[in-house]
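Now for the letters of each chain:
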Amino acid sequence: MTAAKTKGKKPAARKKSGKKAQGRRSLWPIAIALAVPALLVGGYMYYHSNPAFAEMVDRTAGKMRSFAGNLFEGHDKGELDVAVEPSRPEDQRQSPAAVPADSRRQPTQLQRDPAEIPRQTTAAATSNLVPLTVKQAQQLAATLFGGKLRSSHSEPRGFWYDFKLEGAKKLYPFDTAPIQVSIATVALAGGFVASNEGHILFVKVVNPAGAEWTNEYAGAVLISGTPTAPGKVVGATAMQAPRAVVTRYEALDIQHDGVLELVLEVESEAPGGYLFRDLAVHAFSGGGTRELWTARTLDDGPGVPLETARFKHVAFKDLNGDDVLDIEVQSGKRRYEIRKDFTRKLTTEETVSVRKFQFSRGKFRLASK
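Here is what the cut-offs are and how they apply
By convention here, each chain's residues receive numbers from 1 onward along its written sequence. Whole-chain, interface and lining totals are the exception, using all residues; otherwise, since this is a predicted model, local features are given only for residues with pLDDT of at least 70 and side-chain atom pairs are given and counted only at 80 or more. Excluding hydrogens and water, the side-chain figures rest on all heavy atoms present in the structure. Helix and strand assignments follow DSSP, with helices taken as H or I runs no shorter than four residues and strands as E runs no shorter than two, numbered in order from the N terminus. For the exposure calls, accessible area comes from a 1.4 Å probe over protein chains only, and a residue counts as buried if that area is under 20% of its type's maximum, exposed if over 50%, partly exposed in between. By definition in these notes, contact holds between two residues if any of their heavy atoms fall within 4.5 Å. Think of a patch as exposed residues, more than 30% relative accessible area, with no salt bridge, where like charges cluster within 9 Å and nonpolar side chains (Val, Leu, Ile, Met, Phe, Trp, Tyr) cluster within 5 Å. Where accessible areas are quoted, they stem from the Shrake-Rupley method and a 1.4 Å probe; at the residue level, only the protein chains shown are allowed to cover. Each salt bridge in this description consists of a side-chain nitrogen of Lys or Arg and a carboxyl oxygen of Asp or Glu lying within 4 Å of one another. Neither His nor the chain ends is counted toward charge; the positive residues are Lys and Arg and the negative residues Asp and Glu. Charge positions come from single atoms, namely NZ of Lys, CZ of Arg, CG of Asp or CD of Glu. Any two strands with at least two DSSP-identified bridges between them are counted as paired. Axis angles are defined between N-to-C directions and span 0 to 180 degrees, where every axis is a line fitted to C-alpha atoms and, for a helix, only to the segment in contact. Working definition of a nonpolar core: buried Ala, Val, Leu, Ile, Met, Phe, Trp, Tyr and Cys residues. They are joined through side-chain atoms within 4.5 Å. A 3.5 Å cut-off defines polar contacts: any pair of N or O atoms within that distance qualifies, except that in protein one atom must be a possible hydrogen donor and the other a possible acceptor, and neighbouring residues in sequence count only when both atoms are side-chain atoms.

1. Describing the overall build of the chain
Along the backbone of the chain there are 3 helices and 16 strands. Counting across all 369 residues of the chain, residues that qualify as buried make up 40%. Counting only contacts in the chain whose residues sit at least 6 apart along the sequence, the fraction spanning at least 24 positions is 52%.

2. Regarding a positive patch on the surface
Where like charges cluster on the molecular surface, the positive patch consists of R290, R361, K363 and R365. Checked against the element boundaries, R365 lands in strand β16 (residues 363-366). Overall, the relative accessible area of 31% leaves R365 in the partly exposed class.

3. Thoughts on the sheet that holds β16
With antiparallel pairing, 8 strands are arranged side by side in an open sheet as β9-β10-β11-β12-β13-β14-β15-β16. The two strands at the open ends of the sheet, each matched to only one other strand, are β9 (245-252) and β16. Within this sheet the neighbouring strands show an average axis-to-axis angle of 30°, counted without direction. The sheet contact formed by β9 and strand β10 (residues 261-270) spans 7 bridges and is antiparallel. The partner of L252 across the bridge, within β10, is E261.

4. A look at the nonpolar core
Counting 23 residues, the largest nonpolar core has L188, F192, I200, F202, Y249, L262 and L264 as its most contacted members. Of all the elements, strand β5 (residues 186-193) adds the most residues to this core, at 4 residues. Apart from the residues lying within four places of it in its own chain, the contact partners of L188 are S127, N128, L129, G198, H199, I200, F202, Y249, E250, A251 and L262. Among the nonpolar cores identified, the runner-up in size contains 22 residues, and L144, L165, F174 and Y217 belong to it.

5. Quick look at the pattern of salt bridges
Here the structure, examined in full by the defined rule, presents 11 salt bridges. Here D175 and K170 are joined by a salt bridge, their closest N and O atoms 3.3 Å apart. A relative accessible area of 46% means that D175 is categorised as partly exposed. When its relative accessible area of 53% is taken as the criterion, K170 is described as exposed. Note that R277 and E267 form a salt bridge whose closest N and O atoms lie 2.7 Å from each other. On the criterion of sequence distance, the pair formed by R277 in strand β11 (residues 274-285) and E267 in strand β10 is long-range, its members being 10 residues apart. Several salt bridges share partner residues, and in doing so they unite K317, E328 and K356 into one network.

6. Thoughts on the environment of D257
For D257, the position within the fold is in the loop between β9 and β10. The spatial distance from the C-alpha of D257 to the C-alpha of V324 is 9.0 Å, given a sequence separation of 67 residues. A distance of 3.0 Å separates a polar atom in the side chain of D257 from the backbone nitrogen of V259.

Below, the structure written as structure tokens:
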């Protein structure tokens, strides 16, 4: 009897244990329901705070969309969806004032075909484009760097006046004592500082006695007044730029406050046949020059030659209707066919990602949405 009673109690104990296990199993859906939103929120925040991760995600998503399109639309796997013909620059024989800013360039050591590297389309500047005479440019070069003028050269309707100076001094941030100074044949005139009209000069300096690849600078200088009656230097910006070409310049009222900011893009070379473009947005004030935003808009190697190049198209738009200009950046990739003589032919261009930047607390920052 005692043994029979004991056997009768054991099934009840096993039933109770089964209820506990069932209770534990019922917690899993709740845990998953809490974990998934947390992971999604964390991933969203990391996506918008880490540019490299965001670009990787965008690139992967682009490939998946392309694969799905080919699967459902019956595209051949070897056929590319995007085939963009390169844009060609304007005739270099036109007057500098008539040629768009993004098409002006000078031949460099690479002797590259302009049609290989499509240039960005620039919006019309809100300032005045003022031509400079050679005499005005000579006087401005002497005002900026001092020294004695030894020679002067310019190409008919070219973009630069080239001068040789003796005894010239450094002008920060052009970090070399120049022997050769180039002043652009045009300037941007407008209100770059509140209640103060001025004009932007585009400047290149070279010290042939310095180390190659580190002895050349290019940038812009803001001078108060007009080219015919210049005042003092208000601000300047420059970067180390071997064999520099100014590929884009605009004056925009970013903050809609009546004061202009400068958008400047400079193309430069590097050892081994590499080619870069760097774009920056500059603001001027009595306290100096500030960079509001910078980006490398071209990373290429036409002299290597590389089969691919990375680029960015930068556009300034009011995306949210607050009268303040935002930045829209299309990051992409170009692919080239390498010919037997090592020249290249542009075959395709694709957009990898699109990102937006909004002006906040004195700088452009990645938009949260």
